[in-house]
Amino acid sequence: MLMDMFFIQSCVPIEKKLRIHFHSFMLDVHNKIHEIKKTIPKIYGARKPTPFDPLPLVADAICERLWLLCFDEFQVTDIADAMILKSLFTELFKRGVVMVTTSNRPPEDLYKHGLQRVNFLPFIAILKEHCESVSMDTGIDYRFLHGPTMQTYFVRDRWERDVDVELNAIFKRLASEQNDIARPRTYRIKGRDVTFRKTCGHILDTTFDELCARALGAADYLQISQSFDVVLLRDIPKMTLSIKPAARRFITLIQVTDIADAMILKSLFTELFKRGVVMVTTSNRPPEDLYKHGLQRVNFLPFIAILKEHCESVSMDTGIDYRFLHGPTMQTYFVRDRWERDVDVELNAIFKRLASEQNDIARPRTYRIKGRDVTFRKTCGHILDTTFDELCARALGAADYLQISQSFDVVLLRDIPKMTLSIKPAARRFITLIDTLYDNKVRLVCSADVPHVQLFEASDSIDDDIEDRKLMDDLGIRRHETSKLSLFTGAEEVFAFTRVVSRLQQMQTEDYWKLRDSKYL
């Protein structure tokens, strides 16, 4: 707000000043560097390439049209940005550019603990030489002085009563005003295709996983904000730390919820709200509880403030799980007794019947997902016959489960164990698996050691295992500090399993099976 006021009231002609988010500015700089380098003729036969610095030409291009730069949220997180800032701003300041910016950090804390920060320090010296730093932290978040005025943030109770119905109705109403139909849409961004599964005109109906579990960045979010006026964002989870499969394999860590998602949300929604996007969403948590006890949560708090400024939070928790008011109407969940009597026979018969309707044979199938091959040992057409270990005991994630949801109409999931905090990684994957299958209306037939209401048992003790101790060492966390971090306590899994049990209850009904068009009924 302060930056907006300064920009509007400054006496500089509008054509000579620019107000822009810092991430957007750096994207434009990188694009200019790329375009300039393409114009440099190649010299063949030289023993070594001639050094060429495109940044003076970039600075010239910027200064041709303006001399006042107003940045919102000056924050350096990208090593590619960090390495060019000194040269870029040396050239800009040399040409008389004036920079006014807001930041959550004083200059000396920019890019703190970043890779190769020693190469970034000269930029801090230049910044402090040309800019005066003024602290405006009063301890008051003025966005909270007035509550939201619109109902656009829906908190999903543990049984998700009517929340998706509310969002479906909003999408239907908004889509009726568009000269378009509901359809997927693909954009070419930075040389790659990015597809959003459900759009209609200037409306995007999406999920947290579609925007934040994929490898998207600022350029993709800028495309969203330029293409859509309203974004319906569903299923924002309570967020905790996540280490990606490659990193997890490298340092032998467990898979956890993605801190990168938490860190990009503020930038994403700052850009979206700045461009007038309206967001309507469901969540299991009120805004103030999002990413609670997560690592580096202090960097996430500005997003909560932005969310509460632009959205009204409505609680729909009545204390009743409406899915349990009526029992299952189909036998799709088989509990194995201690003698395992007939359970596998039952599932074999179901697979045989479903497979007979497919134009295929029972065979393994391999998919290329995120640059790696993922094989499922037994498939037939749109039927997957698998086990808990095949889907949850190996390093799979949301992208893999989404591929399953898009490839198969029915999943037979065998041998689900009773889960405790001692198998947190597998339990987290199981939660993600069920959420993904449910969101995509995939039919589920399963066998388990216990009824679905008894699948998860939370122990009061928080004895850290070997993997937890490795994670503490890598993150520099002391043992006494883990008592509040959901990454180690399993509190997030305990909460999420209430949702999973409720969903498993609904997935045993004929109404659920009818949601996905198919010939199996």
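No experiment lies behind these values; they were computed from the predicted model shown.

Looking at the overall build of the protein
Thinking step 1. The number of helices and strands found in the protein is 19 helices and 18 strands.
Thinking step 2. The 521 residues of the protein split such that 47% are buried.
Thinking step 3. Sequence separation of 24 or more characterises 75% of the internal contacts of the protein that already satisfy a separation of 6 or more.
Thinking step 4. For the protein, the accessible area works out to roughly 26,600 Å², and carbon and sulfur atoms hold 54% of it.

Some remarks on the sheet that holds strand β4 (residues 151-155)
Thinking step 1. Strand order in the open sheet formed by seven strands is β5-β6-β7-β8-β9-β4-β10, with mixed pairing between adjacent strands. The sheet is open, and its two edges are formed by β5 (183-189) and β10 (312-315), each paired on a single side. The mean inter-strand angle of the sheet, taken between neighbouring strand axes irrespective of direction, is 30°.
Thinking step 2. Of the strands in this sheet, β4, β6 (192-200), β7 (203-207), β8 (230-236) and β9 (278-283) are in contact with helix α6 (residues 163-175), which crosses β8 at around 165°.

Topic: the nonpolar core
Thinking step 1. If you look at the biggest cluster of nonpolar residues, it comprises 52 residues, and the most contacted ones within it are Phe-430 and Leu-455.
Thinking step 2. When residues in this core are grouped by element, the largest group, eight residues, is from helix α15 (residues 424-439).
Thinking step 3. The next biggest cluster of nonpolar side chains, apart from the first, holds 33 residues, and it includes Tyr-153, Ile-189, Phe-196 and Met-279.

Let's talk about the pattern of salt bridges
Any two side chains of opposite charge can pair if their charged atoms end up close together.
Thinking step 1. Evaluated as defined, the whole model comprises 26 salt bridges.
Thinking step 2. With a shortest N-O distance of 3.7 Å, Lys-94 and Glu-91 are connected by a salt bridge. With Lys-94 and Glu-91 both in helix α4 (residues 79-94) and three residues apart, this pair spans about one turn of that helix.
Thinking step 3. Residue Glu-91 is classed as buried on the basis of its relative accessible area, which comes to 13%.
Thinking step 4. Connected via shared salt-bridge partners are Asp-60, Glu-91, Lys-94 and Arg-95.

Observations concerning a nonpolar patch on the surface
Thinking step 1. On the surface, Leu-2, Met-5, Val-134 and Met-136 cluster together into a nonpolar patch covering about 450 Å² of accessible area.
Thinking step 2. Take Val-134: it is sitting in the loop between α5 (121-130) and β4.
Thinking step 3. The class of Val-134 is exposed, set by a relative accessible area of 57%.

Things to note about the pairing of β8
When a strand is regular, its side chains alternate between the sheet's two faces.
Thinking step 1. β8 sits mainly inside the fold: seven of its seven residues count as buried.
Thinking step 2. Across five bridges, the pairing between β7 and β8 is parallel. Note that in β8 the partner of Thr-206 across the bridge is Leu-233.
Thinking step 3. Pairing between β8 and β9: five bridges, direction parallel. Opposite Val-230, over in β9, you have Val-278 as the bridge partner.

Observations regarding the side chain of Gln-358
Thinking step 1. Position of Gln-358 among the secondary structure elements: in the loop between α12 (343-355) and β12 (363-369).
Thinking step 2. Relative accessible area serves as the criterion here: at 10%, Gln-358 is assigned to the buried category.
Thinking step 3. Among the polar contacts made by the side chain of Gln-358, one reaches the main-chain amide nitrogen of His-382 at a distance of 3.0 Å.

Observations regarding the sheet that holds β12
Thinking step 1. Taken together, the six strands give an open sheet; going across it, the order is β11-β17-β15-β14-β13-β12, and neighbouring strands pair in mixed fashion. The sheet is open, and its two borders are formed by β11 (333-335) and β12, each paired with just one other strand. For this sheet, the mean angle separating the axes of adjacent strands, direction not counted, is 25°.
Thinking step 2. Sheet strands touched by helix α14 (residues 398-407): β12, β13 (372-380), β14 (383-387) and β15 (410-416). Its angle to β12, the strand with the most contacts, is close to 125°.

Considering the packing of helix α2 (residues 22-38) against helix α3 (residues 55-63)
Thinking step 1. Running from N to C, α2 and α3 point in directions that differ by 120°, and their axes come no closer than 10 Å. Taken together, the axis directions place α2 and α3 in an arrangement best described as oblique. The element α2 and its partner α3 pack so that their crossing is right-handed. Judged by residue contacts, Phe-25, Val-29, Lys-32, Ile-33 and Ile-36 of α2 engage Leu-55, Leu-57, Val-58, Ala-61 and Ile-62 from α3.
Thinking step 2. Across the contact of α2 with α3, the residue classes tally to nine nonpolar, no polar and one charged.

A short note on the environment of Asp-205
Thinking step 1. Here Asp-205 is to be found in strand β7.
Thinking step 2. Taking the C-alpha atoms as reference points, Asp-205 and Val-231, separated by 26 residues in sequence, lie 6.0 Å from one another.
Thinking step 3. Leaving out residues up to four positions away in the same chain, Asp-205 has contacts with Phe-171, Lys-198, Glu-210, Leu-232 and Arg-234.
Thinking step 4. Looking at Asp-205, its side chain comes within polar contact range of the side chain of Arg-234, at 2.8 Å.

Details of unusual backbone geometry
Most peptide bonds take the trans configuration, and most residues that are not glycine carry a negative phi.
Thinking step 1. Positive phi, close to 65°, is recorded for Asp-415, a residue that is not glycine.
Thinking step 2. Of note, Asp-415 is situated in strand β15.
Thinking step 3. Of note, Lys-441 is a non-glycine position whose phi angle comes to about 60°, a positive value.
Thinking step 4. Considering the arrangement of structural elements, one finds Lys-441 in the loop between α15 and β17 (443-448).
Thinking step 5. The class for Lys-441 is partly exposed, based on a relative accessible area of 25%.

About the thresholds
Residues numbered from 1 in each chain as written. Predicted model: local features only at pLDDT ≥ 70, side-chain atom pairs only at ≥ 80, totals over all residues. Heavy atoms only, no water. Helix = DSSP H or I, 4+ residues; strand = E, 2+ residues; numbered from the N terminus. Buried < 20%, exposed > 50% of the residue type's maximum accessible area, 1.4 Å probe, protein only. Contact = heavy atoms within 4.5 Å. Areas by Shrake-Rupley, 256 points an atom, 1.4 Å probe, with all protein chains shown as cover. Pairing = 2+ DSSP bridges. Axes fitted to C-alpha atoms, helices over the stretch in contact; angles between N-to-C directions. Core = buried A, V, L, I, M, F, W, Y, C linked by side-chain atoms within 4.5 Å. Salt bridge = Lys/Arg side-chain N within 4 Å of Asp/Glu carboxyl O. Patch = residues over 30% accessible without salt bridge, like charges linked within 9 Å, V, L, I, M, F, W, Y side chains within 5 Å. Polar contact = N/O pair within 3.5 Å; in protein donor to acceptor, adjacent residues only side chain to side chain. Parallel < 35°, antiparallel > 145°, perpendicular 65-115°, else oblique. Left-handed = near helix turned anticlockwise from the far one by under 90°. Nonpolar A, V, L, I, M, F, W, Y, C, P; charged D, E, K, R; others polar.

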